[in-house]
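The residues making up each chain are set out below.
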Amino acid sequence: MSYNRSNIGSGSRNVGRSNTFEFGRTYVVRPKGTHQATIVWLHGIGEMGSSWTQFLESLPLPNIKWICPTAPTRPVALFGGLQCTAWFNVEDMSDDASDDMVGLDASASHIANMLSNERDDIKLGVAGFSMGAAMALYSATCRVLGQYGNGNRYPINLSVAVSLSGWLPCSRIVRSRVQASQEAARRAASLPILLCHGQVDDVVEYKHGEKSAQTLHSAGFQNIVFHNYSRLGHYTIPEEVNDVCCWLMATMRLDGY
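Residues numbered from 1 in each chain as written. Predicted model: local features only at pLDDT ≥ 70, side-chain atom pairs only at ≥ 80, totals over all residues. Heavy atoms only, no water.

- Taking an unreviewed UniProt entry as the reference, the protein chain is identified by name as Phospholipase/carboxylesterase/thioesterase domain-containing protein belonging to Centaurea solstitialis.

Points about the UniProt feature "domain: Phospholipase/carboxylesterase/thioesterase" (unreviewed entry) in the protein chain
Item 1. Taken from the UniProt record, the annotation "domain: Phospholipase/carboxylesterase/thioesterase" (unreviewed entry) applies to residues 27–247.
Item 2. Between the end C-alpha atoms of residues 27–247 the distance is 24 Å, and the span holds 34% helix and 21% strand. (UniProt positions renumbered as here; feature names shortened; annotations may be inferred. Helix = DSSP H or I, 4+ residues; strand = E, 2+ residues; numbered from the N terminus.)

A closer look at the sheet that holds strand β3 (residues 27–29)
Item 1. The seven strands lie next to each other as β3-β5-β4-β8-β9-β10-β11, forming an open sheet whose pairing is mixed. Looking at which strands have only one partner, the edges of the open sheet turn out to be β3 and β11 (224–229). The sheet shows a mean angle of 15° between the axes of neighbouring strands, direction not considered.
Item 2. The sheet contact formed by strand β9 (residues 160–164) and strand β10 (residues 193–198) spans four bridges and is parallel. Looking at the pairing, Ala161 lines up with Ile193 of β10.
Item 3. In the packing of helix α7 (residues 238–252) onto the sheet, the strands contacted are β4 (37–42), β5 (64–68), β8 (123–129), β9, β10 and β11, and the crossing angle to β9 comes to about 175°. (Pairing = 2+ DSSP bridges. Axes fitted to C-alpha atoms, helices over the stretch in contact; angles between N-to-C directions. Contact = heavy atoms within 4.5 Å.)

Looking at the side chain of Asp100
Item 1. The residue Asp100 is located in the loop between β7 (82–85) and α2 (101–115) in this model.
Item 2. A polar contact of 2.8 Å, which involves the side chain of Asp100, links it to the backbone nitrogen of Asn89.
Item 3. Every residue in contact with Asp100, bar those within four places of it in the chain, is listed here: Arg74, Phe88 and Asn89. (Polar contact = N/O pair within 3.5 Å; in protein donor to acceptor, adjacent residues only side chain to side chain.)

Here we look at the environment of Ser176
Item 1. With respect to the secondary-structure elements, Ser176 resides in helix α4 (residues 171–179).
Item 2. Classification of Ser176 by relative accessible area gives partly exposed; the value is 49%.
Item 3. The spatial distance from the C-alpha of Ser176 to the C-alpha of Val160 is 22 Å, given a sequence separation of 16 residues. (Buried < 20%, exposed > 50% of the residue type's maximum accessible area, 1.4 Å probe, protein only.)

Focus on α2
Item 1. Between the first and last C-alpha of α2 there are 21 Å, a value that for 15 residues agrees with the 21 Å anticipated at 1.5 Å per step.
Item 2. Extensive coverage of α2 is indicated by the burial of 12 of its 15 residues.
Item 3. Considered for burial, the residues of α2 that qualify are Gly103, Leu104, Asp105, Ala106, Ser107, Ala108, Ser109, His110, Ile111, Ala112, Met114 and Leu115. (Expected span 1.5 Å × (residues − 1).)

Laid out in structure tokens, this is it:
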């Protein structure tokens with residue numbers, strides 16, 4: 001569920017393959033002002049790229065281009081194998097659940113490929129809601145480590161990552177992998193990440209968002225901001241949206257209206 005959702009998108013069809021996964025249509029929300037930044041916005045499970053276009057168009061961020069891809073349709077173990085759009089497979093939200101590294105890397109590579117087409121002077125970011133937020137955080141860890149989970153080089157210099165009502169995949173190994181490399185530790189210390197989570201979220205429980213922020217901080221991610229909202233469930237509210245906009249404006253040093 002999102003704040004001000006729409007099923008009407010803009011942009012051309014962009015169907016690509018990464019490993020065996022076929023991604024759906026990509027929608028683009030173009031900047032109303034001077035193009036200073038491009039952020040890939042990642043939808044939640046069961047949604048499409050178009051689910052968030054009206055929301056993004058309504059934001060007072062005229063200098064950002066938003067790229068809104070659609071995840072592959074795949075069986076999701078959490079839903080008993082039901083086929084739905086999902087960036088990766090997930091069994092459950094417990095710490096003992098295994099991570100779908102193939103799915104995570106396939107989606108992270110698809111996201112990076114879209115950002116690789118941007119001009120050198122454009123600041124780049126990833127953001128998302130729910131499973132899309134988890135995907136954004138995974139992309140951030142790939143940036144810091146300089147590689148995907150499979151060891152292939154991660155090619156994008158991300159400026160920011162934003163997670164709304166999400167969680168951190170591969171949380172059990174992030175700390176050890178970051179601290180094993182001086183370069184990764186340096187990148188972790190400088191990459192700005194914003195996490196927002198509602199305290200009454202009944203889909204991705206608040207404890208998962210809070211623990212994700214704690215895990216990232218303990219791994220050496222020093223430029224983290226974590227906002228929580230006492231009456232927020234698994235959706236967005238104007239207060240949270242305002243926090244996101246203000247943070248992006250300040251962190252990416254963007255011009256406003």
